[in-house]
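Structural characterization, general
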Amino acid sequence: MTDSFTLAGKTFNSRLIIGTGKYRSYQEMQAAHKASGAEMVTVAVNRVPLDRATESFLDYLDSSMQILPNTAGCYDAEHAIRTARLAREALETDWIKLEVIGDKVTLLPDNEQTLEAARVLVKEGFIVLPYFSDDLIMAKKLLDIGCPAVMPLAAPIGSGMGVQNPSNLRIMREQLPDATIIVDAGVGVPSDASIAMELGADAILMNTAIAEAKDAAMMATAMSYAVKAGRLSYLSGRMPKRLYASASSPIEGAIK
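These notes cover the structure that comes with them. (Residues numbered from 1 in each chain as written. Predicted model: local features only at pLDDT ≥ 70, side-chain atom pairs only at ≥ 80, totals over all residues. Heavy atoms only, no water.)

1. What about the pairing of strand β5 (residues 66–70)?
- Burial analysis of β5 places four of its five residues in the buried class, the great majority of the element.
- Bridge count for strand β4 (residues 40–44) against β5 is five bridges, and the pairing is parallel. Bridge pairing in β5 places V43 opposite P69. (Buried < 20%, exposed > 50% of the residue type's maximum accessible area, 1.4 Å probe, protein only. Helix = DSSP H or I, 4+ residues; strand = E, 2+ residues; numbered from the N terminus. Pairing = 2+ DSSP bridges.)

2. Looking at the packing of aromatic side chains
- For the structure shown, the criterion picks out three aromatic pairs.
- Between F12 and W95 the ring centres are 6.1 Å apart and the planes differ by 80°, which places this aromatic pair in the edge-to-face class. Separated by 83 residues along the polypeptide, F12 in strand β2 (residues 10–12) and W95 in strand β6 (residues 95–98) bring together distant segments of the chain.
- By the ring-pair criterion, three or more aromatic residues cluster together here, those being F5, F12 and W95.
- Over the ring of F126 we find R88; its NZ or CZ atom is 3.8 Å from the centre of that ring. (Phe/Tyr/Trp six-rings, centres within 6.5 Å; stacked < 30°, edge-to-face > 60°. Lys NZ or Arg CZ within 6 Å of the ring centre and 35° of its normal.)

3. So, the environment of Y234
- By the secondary structure assignment, Y234 is in helix α8 (residues 216–236).
- For the pair formed by Y234 and E198, sequence separation is 36 residues and the distance between their alpha carbons is 4.6 Å.
- With sequence-adjacent residues up to four places away left out, Y234 is seen in contact with R173, M197, E198, L199 and G200. (Contact = heavy atoms within 4.5 Å.)

4. Side note on the layout of surface pockets
- Taken as a whole, the largest pocket spans an internal volume of roughly 540 Å³.
- Taken together, 30 residues line the largest pocket, and the ones lying closest to its centre are A72, K97, E99, I157 and N207.
- Elements that contribute at least two residues to the lining of the largest pocket include exactly β4, β10 (203–206) and α7 (208–211).
- Considering each element in turn, the lining of the largest pocket owes the most residues, three residues, to β4.
- By residue class, the composition of the lining of the largest pocket is 13 nonpolar, 12 polar and five charged. (1 Å grid on protein atoms, 1.4 Å probe; cavity = no way out; pocket = protein on both sides within 12 Å on 5 of 7 lines; lining within 4 Å. Points joined across faces, edges and corners; volume = space filled by probe spheres on them. Nonpolar A, V, L, I, M, F, W, Y, C, P; charged D, E, K, R; others polar.)

Printed below as a string of structure tokens:
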């Protein structure tokens, strides 16, 4: 299926965005990335030797992939801004996945600090992709200040609980028809990915669901198919739900 989407002037043929954490080896990560078909990969700036002095997962990334540094581990706007600037200098990219965490137990985002950091980074020329809770009003504010996309969570980071907020995601899609919406965090199995795409997401970012699978490369392949299936389902338009049965073979016009 050829169904590309464009973000900040760059076109991607895959709607699956992949991560780099929690893999059991760099080779396993590399194999999973290849199997996924993903063209964008997120990198946690706070856990990688940016000076390349020692071996890291950066040495195993496909050079054709768009690197998306992220500010994971930041708990206030100031730290996130500083981390983004460091990432731009070290990785030579203006792209940044903005994460500002508000709670160390749930890892839920601090929307207010995220918005504050986004304002600064957008003015500095960053391509800011903000991770936030499934809040329509916050999504509008982030888009209004110049973020090219928004990244609402499906469930807490690394939980694998699947889409816990289908109504909110559906409302966000309906109210923001022209926005790029990338569902981030909480996907556990391929059916979760399909559901998110069926709700109208433009893309999905996932890491733990693939990295912690017994066979990461196989799961990456499954996720790739699931994202495509969900996207096709959304584009095709589902049948209406009915309270009562509707015969697959109606009797109207039947031979009597």
